[in-house]
Every structure is written in structure tokens, then in C-alpha cells.
Amino acid sequence: MPLILTLQTLACVICISIGQLLFKKAAAALPETLSLMALVTNGWLIASLALYGFTTLGWVWVLRHAPLHLAYPFMGLAFLIVPTLAWAFLGEPLHWRTLAGGVLIMAGVALASTS
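Residues numbered from 1 in each chain as written. Predicted model: local features only at pLDDT ≥ 70, side-chain atom pairs only at ≥ 80, totals over all residues. Heavy atoms only, no water.

A. Structural context of the nonpolar core. If you look at the biggest cluster of nonpolar residues, it comprises 13 residues, and the most contacted ones within it are V13, W59 and V62. Elements with a minimum of two residues in this core: helix 1 (3-29) and helix 3 (43-65). Take this core: its biggest share by element is four residues, from helix 1. Sequence-distant contacts of V13, that is, excluding residues within four places in its chain, are made with F74, M75, L77, A78 and I81. (Core = buried A, V, L, I, M, F, W, Y, C linked by side-chain atoms within 4.5 Å. Buried < 20%, exposed > 50% of the residue type's maximum accessible area, 1.4 Å probe, protein only. Helix = DSSP H or I, 4+ residues; strand = E, 2+ residues; numbered from the N terminus. Contact = heavy atoms within 4.5 Å.)

B. Seen up close, the packing of aromatic side chains. For the coordinates displayed, the defined rule picks out one aromatic pair. Measuring from centroid to centroid gives 5.0 Å for F23 and Y52, while their planes differ by 70 degrees, and the two rings are edge-to-face. Of this pair, F23 sits in helix 1 while Y52 sits in helix 3, placing them 29 residues apart in sequence. F23 gets classed as partly exposed once you look at its relative accessible area, which sits at 24%. Assessed through its relative accessible area of 21%, Y52 is described here as partly exposed. (Phe/Tyr/Trp six-rings, centres within 6.5 Å; stacked < 30°, edge-to-face > 60°.)

C. Inspection of the pattern of salt bridges at higher detail. Under the counting rule described, the total for this entry stands at one salt bridge. One salt bridge connects E92 with K24, and the closest N-O pair in it is separated by 3.8 Å. In this pair, E92 sits in the loop between helix 5 (78-90) and helix 6 (96-112) while K24 sits in helix 1, placing the two residues 68 residues apart along the sequence. Assessed through its relative accessible area of 29%, E92 is described here as partly exposed. (Salt bridge = Lys/Arg side-chain N within 4 Å of Asp/Glu carboxyl O.)

D. Molecular detail of a nonpolar patch on the surface. Together, L34, L36, M37, L39 and V40 make up an exposed nonpolar region whose accessible area comes to about 510 Å². With respect to the helices and strands, L36 occurs in helix 2 (residues 36-40). Under the relative-accessibility criterion, L36 is labelled exposed at 65%. (Patch = residues over 30% accessible without salt bridge, like charges linked within 9 Å, V, L, I, M, F, W, Y side chains within 5 Å. Areas by Shrake-Rupley, 256 points an atom, 1.4 Å probe, with all protein chains shown as cover.)

E. The packing of helix 1 against helix 3, seen in detail. Between helix 1 and helix 3, the least distance of the axes is 8 Å, while the angle of their chain directions is 160 degrees. By the angle between their directions, the pair helix 1 and helix 3 is classed as roughly antiparallel. In the crossing of helix 1 with helix 3, the sense of the turn from one axis to the other is left-handed. For the contact of helix 1 with helix 3, the per-class residue count stands at 18 nonpolar, eight polar and one charged. (Axes fitted to C-alpha atoms, helices over the stretch in contact; angles between N-to-C directions. Parallel < 35°, antiparallel > 145°, perpendicular 65-115°, else oblique. Left-handed = near helix turned anticlockwise from the far one by under 90°. Nonpolar A, V, L, I, M, F, W, Y, C, P; charged D, E, K, R; others polar.)

Listed below in C-alpha cells is the structure:
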């Protein structure tokens, strides 16, 4: 894939990963008794849905220009990006097994994304 398309694909993966953190923040902000009003007024949820919507449009654009078999393996990077961001911004633990698995996923993405 051309460099610019690769960067756009990575941007989609990063935005999806950030969206997961926003969903986590949204879930933490919800009251015990769930209501429609609690969902509608949850800023974290609104932000995550907006980011997911925008990123979905970007992903459709990527898929218009890249074969799915080259673009989709990049989504595997989210398995490393999400735990790393959760560690950095939410204080969640980051285990060596997660990092080792992430290295294997990155190797797989590198292998699968070459034509």
C-alpha cells in the first residue's frame, strides 16, 4: 500500500482504539440504574459514538482504495494499542504477556500487509 494510505489506515486503527477508551469512560460514568436520559446525557458516550462514526467513514474511504486483505490486518494493532492506552490514561495494568502478544500481532500485520 502507498505510504499515505498506510498512514490513513493507521489513523483509523488509532481512532478506533481511542474510541474504546471513551466507551470505557462512558461505562464508568453511567449510573447503576440505566435510563435513556443517562445515555443521552453521557458526554463520553456521545464522544465515543461520534468518533466511531467519523472513523467508520474514514475506514470506508480506506477500503475504497486498498484491498481488504491488506488493510484489515492493521485492525489487529488495536489489540496492542488499546491496552497500552488504557495503561497510560486509565491506570489499568499492562502485563508482559500483552506486550509479547502485541509484538506477535505487529509481526503478523507486517507479514500480512505485504503484497
